[in-house]
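So you can see what is in the structure, the chains are spelled out below.
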Amino acid sequence: MQIDIEAERKEILHRYKLLIKACKRRLEKGDQEIIRKAFGVAVESHKEMRRKSGEPYIYHPIAVAQICAEEIGLGRVGIVCALLHDTVEDTDLTLDDIKGLFGEKVAQIIDGLTKISGVIDNTSSIQAENFRKVLLTMSEDIRVILIKLADRLHNMRTLEHMKRDKQIKIASETLFLYAPLAHRLGLNTIKTELENLGLKYTDTEAYNEIGTKLSESEPERKKFIQKFIEPLKDILAEQGLKFKIFGRAKSIYGIYNKMKTKRVSFEEIYDLFAIRIVIDSPHDQEKSDCWKVYSIITDFYHPSPERLRDWISTPKSNGYESLHTTVMGPSGKWVEVQIRTTRMDDLAENGYAAHWKYKDSAADKESKLESWLLKIKEMLENPDPNALEFIDDFKLNLFSDEMFVFTPKGDMKTMPVNATALDFAFEIHTKVGEHCIGAKVNHKLVPLSHELSSGDQVEILTSTKQSPKDDWLSFVITAKAKSKIKNSLKDQRKKIAEEGKDIVQRKFERQKLEFTNKNINAFCSFLKLNSSQELYYRAALGNVELKEIKEFVKHQENPIKKKKKTETANIEQLVTTARGNTDMLVIGDDLQKLDYKLAPCCNPIPGDDVFGFITVGEGIKIHRVNCPNAIKLLSNYAYRVVNAKWVNDQLISFLAGVKIIGTDELGIVNNITKVISNENNINMRSINFDTHDGLFEGTIMIFVHDTKHLNHLITNLKKVKGVTKVERIDEKH
Ligand code: MN
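Residues numbered from 1 in each chain as written. Predicted model: local features only at pLDDT ≥ 70, side-chain atom pairs only at ≥ 80, totals over all residues. Heavy atoms only, no water.

The next subject is the sheet that holds strand S10 (residues 458–462). In space, the three strands of this open sheet follow the order S9-S8-S10, with antiparallel pairing throughout. Only two strands of the sheet have a single neighbouring strand rather than two, namely strand S9 (444–446) and S10. Each strand of the sheet is rotated relative to its neighbour by a mean of 30°, with strand direction disregarded. Where strand S8 (residues 436–441) meets S10, five bridges bridge the pair, whose relative direction is antiparallel. Bridging across to S10, Gly-438 finds its partner in Leu-461. Here helix H19 (residues 421–428) sits on the sheet and contacts S8 and S10; the angle it forms with S10, its principal contact strand, is near 85°. (Pairing = 2+ DSSP bridges. Helix = DSSP H or I, 4+ residues; strand = E, 2+ residues; numbered from the N terminus. Axes fitted to C-alpha atoms, helices over the stretch in contact; angles between N-to-C directions. Contact = heavy atoms within 4.5 Å.)

Spelled out as structure tokens, the structure:
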């Protein structure tokens, strides 16, 4: 390909001008010169580099800076850092150079960005540990994660140029960590785009299908909204309210998620969209104006008593403010109505980016963000050896809905929904949690495990005699309580283990066995224990017997050779030892033919989009990309994921499941089995039919060759009289 250097130079300058235009109104005197300088440094240091698409590399940092300016609302320092974000990582420029050129603060942020930049390409360490790093760095300066989000967004927008396995890894990681983070920071627009792009690459088919259906059903939605709005318009105007009213469709990912978790089809989702009313209201009248609108709407449409959410009086901890209600719409359909002011709408969509516009409430938001970051810091300072577990706990809190609970003095605490009295105790103070024996909720005595509801007033009862117990972990849900309890249990075990050490030593001496590290470790592995601490702990509980030591001594003198266990499999090993015995699938970057097993959680069949996952004991397992476990596997163990692709269509059969739903017509079972037996080469493995109240439900496990074969069958099953729905199911039931 011929490269026109002059045209590229012009394009680079053009893009730079657009960037300056985007951030101009927020720049102060002298800012533009510094940005210009950063731009010059970035252009110079990336000048020989190109992106996978063949474009000059500098397009990427400019685009990231553009997102930072336009969609996140960062100022001078943020833009400078965005332009330079890949320099230390990818070019000869050092952190000291940056410090010399742009000062301490910029260097600190670039350092943070460099530390977390290796998340994807790092093939040797566990992803979870990297995630921890992301969070840790984030709690130092929020701009690190904001720039990182912009970086990720641009990489997702240009993901089509990457190889398929990279696409899957990056997209999964985006869904697993970055989209929830964007959500937590109130960056709704960015979150939605990250999720939709994430889905596009992890389940392309579903993404396309939902997208098509969404645009096909748009005229109908428009009509409905028109009808809904009609009677309201005049009355709202009469009240002197300036307002915008429109429909907001759920995002493709939002719909996908609902279809998966609720196991419903696109057509069955009743809340495909919400009606949003945005009013112009002076700051001191916001609340009363919103409730005025509420009252007008509910004069026309009957509200559902359980579905009223007031996030205006008590905003969510990511700053979200809005009034939500669900009303019975014109055609007998429930529809959600969101009422908010222009300011609230702006903050909800753009979060941090909108801060600078609304000075007075920004301070308030800032402090909430600060306290959230402080919480993260606290959690990170308690290093948990099991980083993966930590991420799970943390994510739980990222996603959960919130409620408000009060102390006896009336202080409000934000807690995740389903939090228990014990969670609340740990929220107040670690010591209160550790000594908690019960609680009074609204003056009534309840156990530790009691689940709280929004609005509860909770008094915690403590006793110095109390200490954390193993089973506490089964009913706390906040990351804070979990990590504190785990730490305390660990300390307890340690103390007990110290007593056990003496016991083991005495027993060793009685058998004339030297009490050395070597002997202790050998004894541990003889008993299949992980550590000497575990051994001592067992000894303290009286579970190490003399007999075991005697056997160990005998074994030491006369060891039976044991086969060496391979603890971790690596790709090279598998390549050389497990030469393939089948031609169906090729695996790895060089597309080798290897041995594999099909994962039972998603039953992949030829034609499915799949990947290989290197397991510890069972070689390579093949999963579907849209397997329920896939996102977790892909993002936590990216280094164990290998490319896999179906090659030819030998007539080998694979097990697949199909669920059929319909009305209980006469002869329906007969007709269904007829369709299956008429299909070529299909063998039924099991069939299960159930009817109740005139409804019919069937599950069939069949052997098919590939997805084409399966889809053909599904199409024919749908034609059977009485059948309303046929779908492929993931798991055997
Ligand atoms: Mn980058």
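So that's the structure; there's more coming.
As a further point, take the packing of aromatic side chains. Scanning all chains against the criterion turns up 12 aromatic pairs. Geometrically, the ring pair formed by Tyr-16 and Phe-39 is stacked, given 4.1 Å between the ring centres and 20° between the ring planes. Here Tyr-16 is found in helix H1 (residues 5–23), whereas its partner Phe-39 is found in helix H2 (residues 31–45), with 23 residues between them in sequence. Taking 5.6 Å as the distance between ring centres and 75° as the angle between the ring planes, the aromatic pair formed by Phe-224 and Phe-273 counts as edge-to-face. Of this pair, Phe-224 sits in helix H13 (residues 218–238) while Phe-273 sits in strand S2 (residues 273–280); the two residues are 49 residues apart in sequence, bridging distant segments of the chain. Take Phe-224 and Phe-273: they sit in the same class, and that class is buried. Through pairs of rings, three or more aromatic residues link up here, namely Phe-508, Phe-515, Phe-523, Phe-526 and Phe-552. Above the plane of the ring of Phe-102 lies Lys-37, whose end atom (NZ or CZ) is 5.1 Å from the centre. (Phe/Tyr/Trp six-rings, centres within 6.5 Å; stacked < 30°, edge-to-face > 60°. Buried < 20%, exposed > 50% of the residue type's maximum accessible area, 1.4 Å probe, protein only. Lys NZ or Arg CZ within 6 Å of the ring centre and 35° of its normal.)

This part takes up the pattern of salt bridges. A complete count under the given rule lists 28 salt bridges for this structure. Salt-bridge contacts for Lys-222 lead to Glu-218; the nearest nitrogen and oxygen are separated by 3.4 Å. Taken as a pair, Lys-222 and Glu-218 lie in helix H13 at a separation of four residues, close to a single helical turn. A relative accessible area of 53% places Lys-222 in the exposed class. (Salt bridge = Lys/Arg side-chain N within 4 Å of Asp/Glu carboxyl O.)

Below, the discussion takes up the packing of helix H9 (residues 142–157) against helix H10 (residues 164–184). Packed helix pairs are characterised by how far apart their axes lie and by the angle those axes make with each other. Interaxial distance between H9 and H10 falls to 11 Å at its minimum, and their mutual angle equals 140°. The angle between H9 and H10 places the two elements in the oblique class. Of the two possible hands of crossing, H9 and H10 adopt the one that is left-handed. Residue-level inspection shows Ile-145, Lys-148, Leu-149, Arg-152 and Met-156 of H9 in contact with H10, the latter providing Ile-170, Ala-171, Glu-173, Thr-174, Tyr-178, Leu-181 and Ala-182. Split by residue class, the contact of H9 with H10 holds eight nonpolar, one polar and three charged. (Parallel < 35°, antiparallel > 145°, perpendicular 65-115°, else oblique. Left-handed = near helix turned anticlockwise from the far one by under 90°. Nonpolar A, V, L, I, M, F, W, Y, C, P; charged D, E, K, R; others polar.)

Attention now moves to the coordination of the manganese ion. Protein-derived ligands of the manganese ion are His-60 (NE2), His-85 (NE2), Asp-86 (OD) and Asp-151 (OD), with the metal-ligand distances lying across 2.2 to 2.4 Å. For the manganese ion, all donor residues lie on one chain, and their spacing in sequence is H-x24-H-D-x64-D. On the criterion of sequence distance, the pair formed by His-85 in the loop between helix H4 (76–84) and helix H5 (87–90) and Asp-151 in helix H9 is long-range, its members being 66 residues apart. We note that His-85, like Asp-151, is buried. (Donors = N, O, S within 2.8 Å, 3.2 Å for Na, K, Ca; no water.)

In spatial order, the strands read S17-S18-S16-S19; together these four strands make up an open sheet with antiparallel pairing. Since the sheet does not close on itself, it has two edges, and those belong to strand S17 (683–692) and strand S19 (723–729), each with one partner. Recorded for the sheet is a direction-independent mean angle of 15° between the axes of neighbouring strands. Pairing of strand S16 (residues 654–663) with S19, which is carried by six bridges, proceeds in the antiparallel orientation. Looking at S19, one finds that Lys-659 is bridged to Glu-727. Contacts from helix H27 (residues 668–678) reach S16, S17, strand S18 (695–704) and S19 within the one sheet, and its direction differs from that of S18 by about 20°. Contacting S16, S18 and S19, helix H28 (residues 707–718) crosses the sheet at an angle of about 160° to S19.

Before going further, it helps to spend a moment on the nonpolar core. By size, the foremost hydrophobic cluster in this structure holds 64 residues, and its most contacted members are Ile-35, Leu-83, Leu-84, Ile-98, Val-106, Ile-147 and Leu-194. In terms of residue count, the dominant contributor to this core is H9 (nine residues). Among the nonpolar cores identified, the runner-up in size contains 38 residues, and Ile-210, Ile-225, Leu-241 and Ile-269 belong to it. (Core = buried A, V, L, I, M, F, W, Y, C linked by side-chain atoms within 4.5 Å.)

Counting through the fold element by element, Lys-725 comes out in strand S19. A polar contact is formed between the side chain of Lys-725 and the side chain of Glu-268, at a distance of 3.0 Å. Once you skip the residues sitting within four places of it in the chain, Lys-725 turns out to touch Arg-263, Val-264, Ser-265, Glu-268, Lys-659, Ile-660 and Ile-661. (Polar contact = N/O pair within 3.5 Å; in protein donor to acceptor, adjacent residues only side chain to side chain.)

In this section: helix H23 (residues 532–540). All of the buried residues along H23 are Leu-535, Tyr-536, Tyr-537 and Ala-539. Contacts made by the buried residues of H23 are with helix H21 (479–510) and helix H22 (517–526). Downstream of H23 by a residue or two, Gly-542 has a phi angle that is positive, lying close to 80°.

Between helix H7 (residues 104–115) and H9, the shortest axis-to-axis distance is 9 Å and the interhelical angle comes to 55°. It follows that H7 is oblique to H9 by the angle criterion. In terms of crossing hand, the pair formed by H7 and H9 is right-handed. Residues Lys-105, Ile-109, Gly-112 and Leu-113 of H7 form the contact with H9, whose participating residues are Arg-143, Val-144, Ile-147 and Lys-148. Taken together, the residues of the contact of H7 with H9 break down into four nonpolar, one polar and three charged.

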